[in-house]
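Remarks on the overall topology
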Amino acid sequence: MKLQLNENFLRIKPSYLFSDVAKRVRAYAEAHPDKKILRLGIGDVTLPLAPTVIRAMHRATDEMADAATFRGYAPEYGYDFLREAVARHYASFGVGVAADDIFISDGAKSDLGNFVDLFADVPVLVPDPVYPVYVDSNLMAGRTVEYVEGNEQNGFLPSPAGLSETPRLIYLCSPNNPTGAVYSKEGLAEWVDFALKTGSLILYDSAYEAFIADGSPRSIYAVEGAEKCAVEFCSLSKTAGFTGTRCGWTVVPASLGDGALSPKKMWERRQATKFNGVPYVVQRAAEAALSDEGMAECMANIAYYKNNAALIADLLQKKGIPFTGGTASPYLWLKCPGGLGSWEFFDKLLCEAQVVGTPGAGFGLAGEGYFRLTAFGSHETTREAVDRLDKLL
Ligand code: MLT
């Protein structure tokens, strides 16, 4: 081939963090077929879909089998029944979002990666450590990424204090992946004020919002003014166990601007061109997850994962290992004991206890020396991992 390729791909790591981890675990498993490996690495759920969701999927499947109720292409932005269900979900925790500003997607990751199509070569600001998708999507598109560090001093919740007033695309995630730290309303308001003052746009990832139970904001739109400076990405992956079912949404408020070059109009245009919608059966499943009955079942699953998180947190406390997260988040972010590097600690846990976690360095330079464990395993796996770590650490 003689075509010039996008050399920006040389700026990102050759393999995605979770593929890297999976490769190392596979190699270990092949070399040690007798060892039982406990996986607390990637944040993938283990409980099955809620009964209300399964019933809705069966009903929708039957509809697809009958010419009278069969559906072809879904509306590009999602069926009204689901856009309205999402708006009601926001209303259930006191946040007003218009159904027409909600775009149904196959999950937050795709939209977070795709949304950057709307922008020219603008400056980008991301917290470090951070979910790698924010950085990689922008590096692939040739943009320069600036970092704002999360660390023990700021509780892994960086603020805009001291930043220059350049307008930027600003990524925030709360409850945070990977640190599990959660912004208070005041903490988010600082970012909203900064974005409004500088003409920046916040890209807010709220995929873990359902883990919040202490009154912290579950949406950036809980902060006044956010509808003028923020887009929100959310997903049912963690709320309703949809990691394999795939459904989420993005809120692009009309109030961000009007005209052909406004984010909402552009996102409509982009999605209509490049996206064919989420399957009908999945949208009915998502609607069911957001119903009162479905949400009660989903919250019971979240309580189960939080129970796992508490087991891990108890162990870390007992061992005197500093950590964040684990209360309003499925993630526990711990400091590697003995001054070990993230990958060194990864190897130690894998080789000496057959427990898999995610090395903090994979989330950015500021993640070096830290390690992430997920509470999404089964109760039995978590219990056994905790017992093994109790003996090892
Ligand atoms: C994670 O482990 O960070 C998540 O599962 C990744 C994702 O949600 O894509």
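You'll find the structure just up there.
Let me sum up the structure you'll find in this document. Every value quoted in this text rests on a predicted model; they were computed, and no experiment measured them.

**With respect to helix H11 (residues 379-392)**
The end-to-end C-alpha distance of H11 is 20 Å, a good match for the 20 Å that 14 residues give at a rise of 1.5 Å each. Of the residues making up H11, those classed as buried are Thr382, Ala385, Val386, Arg388 and Leu389. Buried residues of H11, seen end-on, are gathered within an arc of 165° and therefore sit on one face of the element. For H11, exposure combined with an orientation more than 90 degrees from the buried face picks out Glu380 and Lys391. Against strand E1 (38-39), helix H9 (292-319), helix H10 (342-353), strand E11 (355-356) and strand E13 (370-374) lie the buried residues of H11.

**What to know about the pattern of salt bridges**
Taken as a whole and assessed by the stated rule, the structure comprises 18 salt bridges. Here aspartate 390 and lysine 318 are joined by a salt bridge, their closest N and O atoms 2.8 Å apart. Of this pair, aspartate 390 sits in helix H11 while lysine 318 sits in helix H9, and the two are 72 residues apart along the sequence. Judged by relative accessible area, lysine 318 falls into the exposed class, the value being 56%. What you see here is one network of salt bridges that share partners, running through Lys36, Glu384 and Arg388.

**A look at the site of the ligand**
The immediate surroundings of the ligand are formed by Phe18, Ile42, Gly43, Tyr131, Asn177, Tyr208, Lys238, Tyr331 and Arg372. Between an oxygen atom of the ligand and a side-chain N or O atom of asparagine 177, the distance comes to 2.8 Å. Between the ligand and the protein, one listed contact pairs an oxygen atom with a side-chain N or O atom of lysine 238 at 2.9 Å. Relative to its unbound accessible surface of 270 Å², the ligand loses 83% to contact with the protein. Among the residues forming the shell around the ligand, the class breakdown is 5 nonpolar, 2 polar and 2 charged. Structurally, the shell around the ligand is a two-domain feature, drawing no fewer than three residues from each of domain 1 (15-44 + 295-392) and domain 2 (51-293).

**What to know about the sheet that holds strand E8 (residues 248-251)**
The 7 strands lie next to each other as E2-E8-E7-E6-E5-E3-E4, forming an open sheet whose pairing is mixed. Of all strands in the sheet, those with a lone pairing partner are strand E2 (102-105) and strand E4 (145-149), marking the two edges. For this sheet, the mean inter-axis angle between neighbouring strands, taken without regard to orientation, is 20°. Where E2 lies against E8, 4 bridges are found, and the strand directions are antiparallel. Bridged to serine 105 within E8 is glycine 248. Contacts from helix H3 (residues 80-92) reach E2, strand E7 (230-235) and E8 within the one sheet, and its direction differs from that of E2 by about 115°.

The rules behind the values
- Residues numbered from 1 in each chain as written.
- Predicted model: local features only at pLDDT ≥ 70, side-chain atom pairs only at ≥ 80, totals over all residues.
- Heavy atoms only, no water.
- Helix = DSSP H or I, 4+ residues; strand = E, 2+ residues; numbered from the N terminus.
- Expected span 1.5 Å × (residues − 1).
- Buried < 20%, exposed > 50% of the residue type's maximum accessible area, 1.4 Å probe, protein only.
- Arc of directions from axis to C-beta.
- Contact = heavy atoms within 4.5 Å.
- Salt bridge = Lys/Arg side-chain N within 4 Å of Asp/Glu carboxyl O.
- Near = heavy atom within 4 Å.
- Polar contact = N/O pair within 3.5 Å; in protein donor to acceptor, adjacent residues only side chain to side chain.
- Areas by Shrake-Rupley, 256 points an atom, 1.4 Å probe, with all protein chains shown as cover.
- Nonpolar A, V, L, I, M, F, W, Y, C, P; charged D, E, K, R; others polar.
- Domains from an automatic or database assignment.
- Pairing = 2+ DSSP bridges.
- Axes fitted to C-alpha atoms, helices over the stretch in contact; angles between N-to-C directions.

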